[in-house]
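# Residue-level structural notes
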Amino acid sequence: MTDINQQATAYDDNNIFAKMLNGDIPCHKIYEDDKTLAFMDIMPQAEGHVLVIPKQKAVDLSDLEPEFAAAVLMTSQKVMQAQRKVFEREGIIQMQLNGAQAGQTVFHYHVHLIPTSIHELGRHAAVMADQEQLAKLAQQLASAITV
Ligand code: AMP
């Protein structure tokens, strides 16, 4: 049984998304502004799986500042519109995990936008995508984003 009063995970400046924001590791970027970054998930749960992150050191929803929460949602809307165009489907899952107990694996807040149905969602962070395919999708989505 987990203690519900347990200490929250502290923000680690070396987490993989922090490294991306610092430019230390690459990503298949589709959109960026002063408060957010959107890029392809490397182990997608469906084709076109995108992550949106704030440029704020937040582990999960509990420490996301309101201006960054708003910015992440605005970027998510842009990404979702692009996904709808590119994949010619209305159904897009918006998902976000808080804490290891919920299955969170990267402790920098992020929203998942996944063009699939909840009944067809693939396994979480399980299968590495083909890098060329990701690059191609990133380009298609980036071109479809209306700023
Ligand atoms: P979560 O488990 O909700 O924290 O989700 C973390 C997500 O990050 C998973 O869907 C992973 O596939 C994805 N991921 C991990 N490393 C990378 C990376 N280097 N580039 C893009 N996505 C990543």
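Residues numbered from 1 in each chain as written. Predicted model: local features only at pLDDT ≥ 70, side-chain atom pairs only at ≥ 80, totals over all residues. Heavy atoms only, no water.

### Some details on the pairing of strand β3 (residues 50-54)
Remark: a regular strand shows side chains that alternate across the two faces of the sheet. Rule in force here: Whether a residue is buried, partly exposed or exposed follows from its accessible area with a 1.4 Å probe, protein chains only, as a fraction of its type maximum: under 20%, in between, or over 50%, in that order. To qualify as a helix, a DSSP run of H or I must reach at least 4 residues; to qualify as a strand, a run of E must reach at least 2; elements of each kind are numbered from the N terminus. Each pair of strands is called paired provided DSSP finds at least two bridges between the two strands.
For β3, the buried fraction is high: 5 of the 5 residues fall into the buried class. In β3, alternate side chains face the same way, and those of Val50, Val52 and Pro54 on one face and Leu51 and Ile53 on the other are all buried. Note that strand β2 (residues 36-40) and β3 share 5 bridges and pair antiparallel. Of the residues in β3, the one forming a bridge with Phe39 is Leu51. Alignment of β3 against strand β5 (residues 111-114), held across 3 bridges, turns out to be antiparallel. When the sheet's bridge partners are listed, Val50 is paired in β5 with Leu113.

### Quick notes on the side chain of His49
Test applied: The definition of a polar contact used here is a pair of N or O atoms within 3.5 Å, where within protein one atom must be able to donate a hydrogen and the other to accept one, and adjacent residues in sequence count solely through side-chain atom pairs. Between two residues, a contact is recorded if the distance between any of their heavy atoms is within 4.5 Å.
Here His49 lies in the loop between β2 and β3. His49 sits in the buried class, given a relative accessible area of 1%. Only 2.8 Å separates the side chain of His49 from the side chain of His112, close enough to count as a polar contact. If sequence neighbours within four positions are ignored, His49 has contacts with Phe39, Met40, Asp41, Met43, Pro44, His112, Leu113, Ile114 and Pro115.

### Notes on the pattern of salt bridges
Basically, it comes down to this: Take a side-chain nitrogen of Lys or Arg and a carboxyl oxygen of Asp or Glu: if they are within 4 Å of each other, that pair is a salt bridge.
Applying the stated criterion across every chain yields a total of 5 salt bridges. Between Asp13 and Lys57 there is a salt bridge, and its shortest N-O distance comes to 3.1 Å. Placement of the pair is Asp13 in the segment before α1 (16-21) and Lys57 in the loop between β3 and α2 (66-87), with a sequence separation of 44 residues. A salt bridge links Lys55 to Glu32; the shortest N-O distance between them is 2.8 Å. With Lys55 in the loop between β3 and α2 and Glu32 in strand β1 (residues 29-32), this pair connects stretches of sequence that are 23 residues apart.

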